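Spelled out from the first residue to the last, the chains are:
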Amino acid sequence: ITTLINHKDNTKKSDKTLQAIQRVGQAVNLAVGRFVKVGEAIANENWDLKEEINIACIEAKQAGETIAALTDVTNLSHAEPHNQITVFTDKTGVIKAARLLLSSVTKVLLLADRVVIKQIITSRNKVLATMERLEKVNSFQEFVQIFSQFGNEMVEFAHLTGDRQNDLKDEKKKARMAAARAVLEKGTMMLLTASKTCLRHPNCESAHKNKEGVFERMKEALDKVIEIVTDCKPSGDTDTASASIFTGIKELKMNLEALRDNPYFQSKESLSVTLEVVLERTEDFTDSAYTSHERRERILELSTQTRAELQEFVSVWIQAQSRKTKSMTEELELSMLKISHSLNELKKELHSAAMQLAADLVKYHADHVVLQALKLTGVEGNLEALAEYACKLSEQKEQLVETCRLLRHVSGTEPLEITCIHAAETFHVTGQQIISAAETLTLHPSSKIAKENLDVFCEAWESQISDMSMLLREINDVFEGRRGEKYGYLSLPKQMKNNANLKSLKPEKPDSEEQAKIAKLGLKLGLLTSDVNCEIEKWEDQENDIVQNGRNMSKMAYSLYLFTRGEGSLKTSQDLIHLLEVLAAEGLKFTSSIQAFSKQLKDDDKLMLLLEINKLIPLCHQLQTVTKASLQNKVFLKVDKCITKIRSMMALVVQLLSLCYKLMKKMESNRWISVTNKDTMDGKT
């Protein structure tokens, strides 16, 4: 749409130009057609919103058809007939149609979003109702029937919330959703074994306590999902960012920076209060029994130093407001640098303290000695030993919960803060549940179901310890500045592996002819990404490696298309070359995924697929070679070559996605026929 609106009225109307304009118009109309089809299907399933969605769909369809009609220019000769209205004669018509299209599409999206929210709420209510039935069940037979229904409902809920999580733009909400879904996923297996144990040992108090803990946590997780989806903040919910030391330091530094531009930005009392809040939170470290004496002394020393330097800064600041001399400005700058340095030193010390404690704990508990001892104690029925090891696990639990709280202060981002809070809650709850499960087994040492139940809770604990290692790596990456945005292929780092080769590249602007050439190539690439996305939509399993690799390639190619228009996050030649490197690597991953899939195929199908793969692999290697070569002062010539190469790659990606989908459907059909025949034979037998 932007291409059509921005085209020059005096563009030379060559056959190529006319074909390109018509193809863009057709692509818009086809995309609108697909969009409307989905919108109408949603309307038919939701009578309360049917009329509103249908009206918006009709508007979108009309706008798409208008754009297609105005771009139907292939029959025009260079002397344009006066009786045909086209994009060349009625640019206002295209703009009006585009506005109508964007308005109607937005309406459909908002209405569809309401449908999705309603689906999630309905699905959650089903799950909750079935859970309440499971809580009251008294017989194994009844439990098995209801749990089967519960399992199906949980699968549906997982799909809906998984899609919603992917759609969320707010990283904080995304992290909260991931935490709630993780509780539900692990809780389903816990609920199964805890309920079975309770049914087998109905008079056992610890078994009932264990089961109640699982149901309670799962219900809380279900409520959290609805809070996120409906955007309703629960009463008493506090903002986790306000409790983080690193967030407080960041806020203080921003306020100090603001004083450079406006000396009257805020009062000296405000700065002092912000610092005191930060220093008060450092007491979580200094009061902790797990902080070493040396670290405690160092944190207190840095806190005192920072407080003194802020007082000195405030004094200089007050003088600078009355005496606006050059020397005074320099003194104020120096004072600001001093306090900034002290805050950075404090950050380093706190980060080091939390990370060292967490790393030591993860390493120390990696062998899970206490869990093994509890399992053995249970099988032996040794109540005395149970008390000893339960006490040890409680100490371990307190250590881990405390460490997660300290890690939250130094995590550096809101999503990681939420992950730390989730880890602390998981250790706290799972630790108590392991003890109640171990007590049940100790009281019933020959019970297989009680043993299985303890194993499930121990596995959840071990899994959380493993997740801690990953969390530490992520926190460290953020602290050292190695981590960019979540969507790495859209927001690329400035530093490069082969940076030395790029120092001499000058960001010279291309002339208008080169720009036009690159824009044309980019547009064709943009249209190919649309084709890739259409192929991806056909796949039922959106988590398939082939689909994920194809989607990543499509997104990177689209970033390159935006770059050719001077838009998007790619700003420098370094950004561009890094994108090409990542795209080439993703292309090779895509071929590897298809090769793995080809192993499941028959010889003829396998050969056909491998022949297509062998066309893509050399292009990926060629792209890697091009990015490594340093073309001094000819970066736009490289863009030209690379886009042509990437267009060839994406055309092959479209073909391969289509071919893999057909072969997968064929394989599933053959498997179904085979299973049906086998069932028929078994029935006859």
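Nothing here was measured: the structure is a model prediction, and the numbers come from that model.

> What is the right way to look at the packing of helix H4 (residues 91-136) against helix H5 (residues 140-167) in this model?
What describes two packed helices is the angle between their axes and the distance between those same axes. At a closest axis distance of 9 Å, the pairing of H4 and H5 adopts a crossing angle of 155°. Between H4 and H5, the angle falls in the class roughly antiparallel. Here the hand of the crossing between H4 and H5 comes out left-handed. Here the contact of H4 with H5 is built from residues that sort into 13 nonpolar, five polar and seven charged.

> Would you explain a negative patch on the surface in this entry?
Residues Asp163, Asp167, Asp541, Glu543 and Asp545 make up a contiguous surface patch of negative charge. Tracing the backbone shows Asp541 in the loop between helix H17 (512-538) and helix H18 (545-564).

> How should the packing of aromatic side chains be read in this particular structure?
Working definition: an aromatic ring pair is given by the centre-to-centre distance plus the angle between the planes. Inspection of every chain in the model, using the stated rule, returns six aromatic pairs. Measuring from centroid to centroid gives 5.7 Å for Phe147 and Phe150, while their planes differ by 45°, and the two rings are tilted. Of this pair, Phe147 and Phe150 both sit in helix H5, three residues apart, which is roughly one turn of that helix. Taken as a pair, Phe147 and Phe150 share a single burial class, namely buried. Look at Phe427 and Trp461: their rings are 5.2 Å apart centre to centre, the planes differ by 70°, and that puts the pair in the edge-to-face class. You can see Phe427 sitting in helix H15 (residues 414-443) and its partner Trp461 sitting in helix H16 (residues 448-479), a full 34 residues away along the chain. Following the ring pairs from residue to residue traces out a cluster consisting of Phe143, Phe147 and Phe150.

> Please explain the nonpolar core as it appears in this structure.
Soluble globular proteins: nonpolar side chains tend toward being buried together. The biggest cluster of nonpolar side chains holds 100 residues, and the ones touching the most others in it are Phe150, Leu191, Phe285, Phe313, Leu407, Ile434 and Met468. It is helix H12 (residues 326-364) that provides the largest number of residues to this core, a total of 14 residues. If you look at the next biggest cluster of nonpolar residues, it comprises 47 residues, including Leu525, Phe590, Phe597 and Leu616.

> What's the story with the side chain of Thr442 in this structure? I'm lost.
Mapping Thr442 onto the fold places it in helix H15. Judged by relative accessible area, which is 4%, Thr442 ranks as buried. Within polar-contact distance, the side chain of Thr442 engages the backbone oxygen of Ala438 at 2.6 Å. When residues no more than four places from it in sequence are discounted, the contact partners of Thr442 are Thr377, Gly378, Gly381, Asn382, Leu383 and Leu386.

Thresholds applied
Throughout, a residue's number is its position along its own chain's written sequence, starting from 1. Only residues with pLDDT of at least 70 are given local features in this predicted model, and only at 80 or more are side-chain atom pairs given and counted; all residues enter the totals for whole chains, interfaces and linings. The side-chain numbers reported here are obtained from all heavy atoms of the structure, hydrogens and water having been left aside. Only the stretch in contact is used when a helix axis is fitted, and all axes are lines through C-alpha atoms; the angle between N-to-C directions ranges over 0 to 180 degrees. Going along the chain from the N terminus, every DSSP run of H or I of four or more residues is numbered as a helix, and every run of E of two or more is numbered as a strand. For this classification, under 35 degrees means roughly parallel, over 145 means roughly antiparallel, 65 to 115 means roughly perpendicular, and everything else is oblique. Put simply, a crossing is left-handed when the front helix is turned counterclockwise from the back one by less than a right angle, and right-handed when it is turned clockwise. By the convention adopted, Pro, Cys, Tyr, Trp, Phe, Met, Ile, Leu, Val and Ala count as nonpolar, Lys, Arg, Asp and Glu as charged, and the other residues, Gly among them, as polar. For patch detection, residues must exceed 30% relative accessible area and be free of salt bridges, and they are connected within 9 Å for like charges or within 5 Å for nonpolar side chains (Val, Leu, Ile, Met, Phe, Trp, Tyr). Using a 1.4 Å probe, accessible areas were evaluated by the Shrake-Rupley method; residue-level cover was limited to the displayed protein chains. Just to be clear on terms, a salt bridge is a Lys or Arg side-chain nitrogen sitting within 4 Å of an Asp or Glu carboxyl oxygen. Charge assignment: positive for Lys and Arg, negative for Asp and Glu; neither His nor the chain ends contribute. A single reference atom marks each charge: NZ on Lys, CZ on Arg, CG on Asp, CD on Glu. Aromatic pairs are defined between Phe, Tyr and Trp rings, using the six-membered ring for Trp, whenever the two ring centres lie within 6.5 Å; interplanar angles under 30 degrees are classed as stacked, those over 60 as edge-to-face, and all others as tilted. Between buried and exposed lies partly exposed: a residue is buried under 20% and exposed over 50% of the maximum accessible area for its type, with that area taken using a 1.4 Å probe on protein chains only. We define the nonpolar core as a collection of buried residues of types Ala, Val, Leu, Ile, Met, Phe, Trp, Tyr and Cys that are connected through side-chain atoms lying within 4.5 Å of one another. Within 3.5 Å is the distance limit for a polar contact, defined as a pair of N or O atoms, with the added protein rule that one can donate a hydrogen and the other accept it, and that residues adjacent in sequence qualify only through two side-chain atoms. Throughout, a contact is declared for two residues whenever any of their heavy atoms are within 4.5 Å.

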